[in-house]
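Overview (structure and organization)
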Amino acid sequence: MPTLQHTKPESLIRLPEVMRRTGRGRTAIYADMAAGTFPRSVSIGPRAVAWPESSIDAWIAERVTQATGNAA
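An account of the accompanying structure is given in this report.

Quick notes on the rules
- Residues numbered from 1 in each chain as written.
- Predicted model: local features only at pLDDT ≥ 70, side-chain atom pairs only at ≥ 80, totals over all residues.
- Heavy atoms only, no water.
- Helix = DSSP H or I, 4+ residues; strand = E, 2+ residues; numbered from the N terminus.
- Buried < 20%, exposed > 50% of the residue type's maximum accessible area, 1.4 Å probe, protein only.
- Contact = heavy atoms within 4.5 Å.
- Areas by Shrake-Rupley, 256 points an atom, 1.4 Å probe, with all protein chains shown as cover.
- Pairing = 2+ DSSP bridges.
- Axes fitted to C-alpha atoms, helices over the stretch in contact; angles between N-to-C directions.
- Salt bridge = Lys/Arg side-chain N within 4 Å of Asp/Glu carboxyl O.
- Patch = residues over 30% accessible without salt bridge, like charges linked within 9 Å, V, L, I, M, F, W, Y side chains within 5 Å.

The number of helices and strands found in the chain is three helices and three strands. Of the regular secondary structure in the chain, the N- to C-terminal order runs β-α-α-β-β-α. Of all 72 residues assigned to the chain, the portion counted as buried reaches 22%. Intrachain contacts of the chain at a sequence separation of at least 6 include 44% that bridge at least 24 residues. Working note: accessible area of the chain is about 5400 Å², and carbon and sulfur atoms make up 56% of it.

What follows is the structure in structure tokens.
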């Protein structure tokens, strides 16, 4: 009998939460997105964007790894 794997669905987080988690302001986030050094947002409506939570978590983990000098 096949086993079912339950995975947590991807969550999308809005800009205020991204700012809170990363400690970065709106201008810095959008400048880094343009430079290709910050995760891209996804459109969730005509005038709304959000970021996949996993991409923000990965960006934070990468910064911590760089700061502590540990190779991933």
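Once that is clear, we can look at the sheet that holds strand S3 (residues 48-52). Within the open sheet, the three strands sit side by side as S1-S3-S2. Their pairing is antiparallel. Because the sheet does not close on itself, it has two edges, and the strands there are strand S1 (12-13) and strand S2 (42-45). In terms of strand pairing, S2 meets S3 through three bridges, oriented antiparallel. Paired with Gly 45 across the bridge in S3 is Ala 48. Helix H3 (residues 53-68) rests against S1 and S3 of the sheet, and its axis sits at about 55° to S3.

Residue position: Pro 16 is located in helix H1 (residues 15-22). Separated by 10 residues in the primary sequence, Pro 16 and Arg 26 place their C-alpha atoms 8.5 Å from one another.

Any two side chains of opposite charge can pair, so long as their charged atoms come close to each other. Summed over all chains, the structure comprises six salt bridges. The partner of Arg 21 in a salt bridge is Glu 53, with the nearest N and O atoms 2.6 Å apart. Separated by 32 residues along the polypeptide, Arg 21 in helix H1 and Glu 53 in helix H3 bring together distant segments of the chain. The exposure class assigned to Arg 21 is partly exposed, which follows from its relative accessible area of 27%. Through salt bridges that share partners, Glu 17, Arg 20, Arg 21, Glu 53 and Asp 57 make up one connected network.

Moving on: a nonpolar patch on the surface. Side chains of Leu 12, Val 42 and Ile 44 sit close together on the surface and give an oily, nonpolar patch of about 230 Å² of accessible area. Assignment of secondary structure puts Leu 12 in strand S1.

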